[in-house]
Amino acid sequence: GNFGDPAVAADCLDVLRYLRNCDGGPKIGLFTNGGMRSPSWWTQLGTLMQPATKAFVRFAIDGDESTSHLYRQHVSWQRLLANVEAFIAAGGNAEW
């Protein structure tokens, strides 16, 4: 589900932008299943989460294309991959 995922929050980018601008710049980690929002939103996030040495997104990718639906209901495998690729292409530090 997507109810506890920080990427669902309407102000997620604003909160992260605030944290990135704090003195000393805390290390930020965001944990997500990555199945929500559009690739353009994930591009914005990848750009915002810089420098990549002080920020990361850990994608909870369960299974593969043929089994992911068993673990992540209502998460499209194609959308998940497009979101991960957009985040990485924007310079984001991705883990899974």
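Look up a bit, the structure's there.
Summary of the structure given here. (Residues numbered from 1 in each chain as written. Predicted model: local features only at pLDDT ≥ 70, side-chain atom pairs only at ≥ 80, totals over all residues. Heavy atoms only, no water.)

### A look at the overall build of the protein chain
For clarity, the cut-off: Runs of E in the DSSP output that reach at least two residues are strands. Runs of H or I that reach at least four are helices, and both are numbered from the N terminus. All radius of gyration figures rest on C-alpha atoms, and the globule criterion is 2.2 Å times the number of residues raised to 0.38. For each residue, the accessible area found with a 1.4 Å probe, counting protein chains only, is set against the maximum for its type, and the residue is called buried under 20%, exposed over 50%, and partly exposed in between. Only the protein chains shown count as cover for residues, with accessible areas throughout obtained via the Shrake-Rupley method and a probe of 1.4 Å.
Per the secondary structure count, the protein chain includes four helices and three strands. Taken from the N to the C terminus, the helices and strands of the protein chain come in the order α-β-α-β-α-α-β. Expected size for 96 residues packed as a compact globule is a radius of gyration near 12 Å; at 13 Å, the protein chain falls within 12% of this value. Along the first, second and third principal axes, the C-alpha set of the protein chain runs to 45 × 25 × 20 Å. Within the protein chain, the proportion of its 96 residues that are buried is 34%. Total accessible area computed for the protein chain in this model is approximately 5,500 Å², and 56% of it derives from carbon and sulfur atoms.

### A look at the pairing of strand 1 (residues 28–32)
Quick note on the threshold: For two strands to pair, DSSP has to find at least two bridges joining them. Here, the term right-handed applies to a crossover whose path from the first strand over the helix to the second runs clockwise when the strands point away from the viewer.
Residues of strand 1 alternate between two faces, with Ile-28, Leu-30 and Thr-32 buried on one and Gly-29 and Phe-31 left unburied on the opposite face. Where strand 1 lies against strand 2 (residues 55–59), five bridges are found, and the strand directions are parallel. Paired with Gly-29 across the two strands is Phe-56, which belongs to strand 2. After leaving strand 1, the chain enters helix 2 (residues 39–48) and then returns to the sheet as strand 2, a path that is right-handed.

### Details of the sheet that holds strand 3 (residues 94–95)
Let me state the cut-off plainly: Residues are treated as being in contact if the distance between any of their heavy atoms lies within 4.5 Å. Axis geometry follows a simple rule: fit a line to the C-alpha atoms, using only the stretch in contact for helices, then measure angles between N-to-C directions, giving values from 0 to 180 degrees.
Pairing is parallel in the open sheet, where three strands are placed in the order 1-2-3. In this open sheet, the two strands that pair with only one neighbour each are strand 1 and strand 3. Lying over the sheet, helix 4 (residues 77–89) contacts strand 2 and strand 3, oriented at roughly 165° with respect to strand 2.

### Let's talk about the packing of helix 2 against helix 4
Each pair of packed helices gets described by two things: the angle between the helix axes and the distance between those axes. Just so we agree on the cut-off: To sort the angles, those under 35 degrees are grouped as roughly parallel, those over 145 as roughly antiparallel, those from 65 to 115 as roughly perpendicular, and the leftovers as oblique. Helix crossings fall into two classes, left-handed where the near helix is turned counterclockwise from the far one by less than a right angle and right-handed where it is turned clockwise.
Contact pair helix 2 / helix 4: the axes reach a minimum separation of 7 Å and the direction vectors enclose 30°. By the criterion of interaxial angle, the relationship of helix 2 to helix 4 is roughly parallel. When you trace helix 2 past helix 4, the crossing you get is right-handed. Counted together, Pro-39, Trp-42, Thr-43, Leu-45 and Gly-46 of helix 2 and Ala-82, Asn-83, Ala-86 and Phe-87 of helix 4 form the full contact between these two elements.

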